[in-house]
Amino acid sequence: TNQYRSGTCSGRTDGYQCNACDNVTCAVGHYRTGTCSGTTNGFRCVACTRATCTASEFISTSATCSATTPTIPCVDCATVTCAAGSYRTGTCGGGTSTYACASCSSAPNYVCRAGSYRTGTCGGDEATFQCVSCSSVANYTCPAGMYRTGTCGGTIASYRCEPCTSAPNAQCVGQQYRTGICGGAAIDYQSRYQCNDCSTHPSSGCPVGWYRTGDCGAGSSSYDCESCIGAPNSTCRSGWYRTGTCGPATGNLFACAACAETAYATCPDGAYRTGSCGGTSVTYACLSTTTTTATTTTTSSSVASRTSTCEGGNSSYACQPCTRAPNYACPGSMIANEYFAQRNYNF
């Protein structure tokens, strides 16, 4: 096959030989004619003729022709399609085509930067991807009292505005208080509410010399640390004294009590009161007047006399030198006996 014979054979000489036919294969755009067999090497390559194509047709580079179809036909551009996930690029018409299929993942704007999302489609003969800023999406900003939910990125923009009253942690319960804010440009219209245990409040535990005020629970806290110095009832007015304690463990338990209402504020007959009341202490005590007699000398002597009284809740007994007694020194016209008589009378 595809061989022909050449040479001669006569007498005693056998000169026959088999040779490969020329033009067994023709170049693209050519077709083969003729025959090659026996002693004929007649294959010939003839250039194909090209049809005249319209603006929506092309001639395929892989098209062939033959002796029976020597003209290469035109192909409709619409017959070139791409698989899912790819799109068609290039141009086609007038006999030529640069159509090619490209992956959608390599199309412009397939990946958008942070803060934007992708719109458009890819397929057929186009990729219309566009990157759009999330700040232009509906509900990017929310009015006062509302916060933004949803996402923006990739191929999704699903922002919504919801009331802050329904935000996570908007309602704290039990011994919890809420921190954070909801909505507003400062936090990108998000909700940052958090529920915290009251025991973790900065003013839950106060330093020594301070006490806690306010309440905490059910979502709010008014805890604060106040100095015991200057606290209510830390200083009492005259005639009153302070009771109670103040500190981080007890809070402010200061109270002012009347000195007149304390024990021993009034002593019975035959007794008198000692001590004091004021500031933060009461040292009142009732002592018998007989005790006073024993300790302060209640009788006169040749050189001293007792003054004042002792009764009720007071004792003002005191011993004074006779030389300081009234009328101790008399005018010169009075005799000594009269003077001593008068002085003894005063005792």
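In case you missed it, the structure is sitting above this.
In what follows, the accompanying structure is described. What you are looking at is a predicted structure, and each value in this text was computed from that prediction instead of being measured.

## Structural notes on the overall build of the chain
Regarding its fold elements, the chain presents two helices and 42 strands. A sequence separation of at least 24 residues applies to 24% of the contacts in the chain between residues at least 6 apart. With an accessible surface of roughly 21,500 Å², the chain has 51% of that area assigned to carbon and sulfur atoms.

## A few points about the packing of aromatic side chains
Here the structure, examined in full by the defined rule, presents three aromatic pairs. Centre to centre, the rings of Y140 and Y159 are 6.1 Å apart; their planes meet at 45°, and the pair counts as tilted. Here Y159 lies in the loop between β23 (156-157) and β24 (160-163) and Y140 lies in the loop between β20 (130-133) and β21 (146-149), a separation of 19 residues in the sequence. Sitting over the ring of Y284, R273 keeps its end group 4.2 Å from the ring centre.

## Remarks on the state of the cysteines
Counted under the stated rule, the structure contains 18 disulfides. Two residues share a disulfide in this structure: C172 and C195, whose sulfurs sit 1.9 Å from each other. With the S-S bond torsion at -95°, the cross-link from C172 to C195 turns out left-handed. Note that C172 is positioned in the loop between β24 and β25 (176-179) and C195 in strand β26 (residues 194-197), a separation of 23 residues in sequence. A relative accessible area of 8% places C172 in the buried class.

## Digging into the pattern of salt bridges
Enumeration according to the criterion identifies three salt bridges in this entry. For D188, the salt bridge identified is with R148, shortest N-O distance 2.9 Å. Here D188 is found in the loop between β25 and β26, whereas its partner R148 is found in strand β21, with 40 residues between them in sequence. What makes R148 buried here is its relative accessible area of 6%. Salt-bridge contacts for R160 lead to E162; the nearest nitrogen and oxygen are separated by 3.6 Å. On the accessibility criterion, R160 (43% relative accessible area) is partly exposed.

## Structural notes on the environment of S6
Its place among the elements puts S6 in strand β1 (residues 3-6). Of the residues examined, S6 reaches a relative accessible area of 22% and is grouped as partly exposed. Between the C-alpha atoms of S6 and C18, which are twelve residues apart in sequence, the distance is 6.5 Å. S6 has contacts with G15, Y16, Q17 and N19, leaving out every residue within four places of it along the chain. A polar contact is formed between the side chain of S6 and the side chain of N19, at a distance of 2.7 Å.

## A few points about the environment of R88
Mapped onto the fold, R88 is located in strand β13 (residues 86-89). Owing to a relative accessible area of 14%, R88 belongs among the buried residues under this scheme. Residues R88 and T98 lie ten residues apart in sequence; the distance between their C-alpha atoms is 9.8 Å. For R88, the residues in contact, after removing those within four places along its chain, are C77, V80, C82, Y99, A100, G124, D125 and E126. Of the polar contacts made by the side chain of R88, one reaches the backbone oxygen of V80; its length is 2.6 Å.

## Things to note about the environment of G145
Mapped onto the elements of the fold, G145 is located in the loop between β20 and β21. Overall, G145 belongs to the partly exposed group, its relative accessible area being 49%. Between the C-alpha atoms of G145 and T165, which are 20 residues apart in sequence, the distance is 8.0 Å.

Conventions and cut-offs
- Residues numbered from 1 in each chain as written.
- Predicted model: local features only at pLDDT ≥ 70, side-chain atom pairs only at ≥ 80, totals over all residues.
- Heavy atoms only, no water.
- Helix = DSSP H or I, 4+ residues; strand = E, 2+ residues; numbered from the N terminus.
- Contact = heavy atoms within 4.5 Å.
- Areas by Shrake-Rupley, 256 points an atom, 1.4 Å probe, with all protein chains shown as cover.
- Phe/Tyr/Trp six-rings, centres within 6.5 Å; stacked < 30°, edge-to-face > 60°.
- Lys NZ or Arg CZ within 6 Å of the ring centre and 35° of its normal.
- Disulfide = S-S within 2.5 Å.
- Buried < 20%, exposed > 50% of the residue type's maximum accessible area, 1.4 Å probe, protein only.
- Salt bridge = Lys/Arg side-chain N within 4 Å of Asp/Glu carboxyl O.
- Polar contact = N/O pair within 3.5 Å; in protein donor to acceptor, adjacent residues only side chain to side chain.

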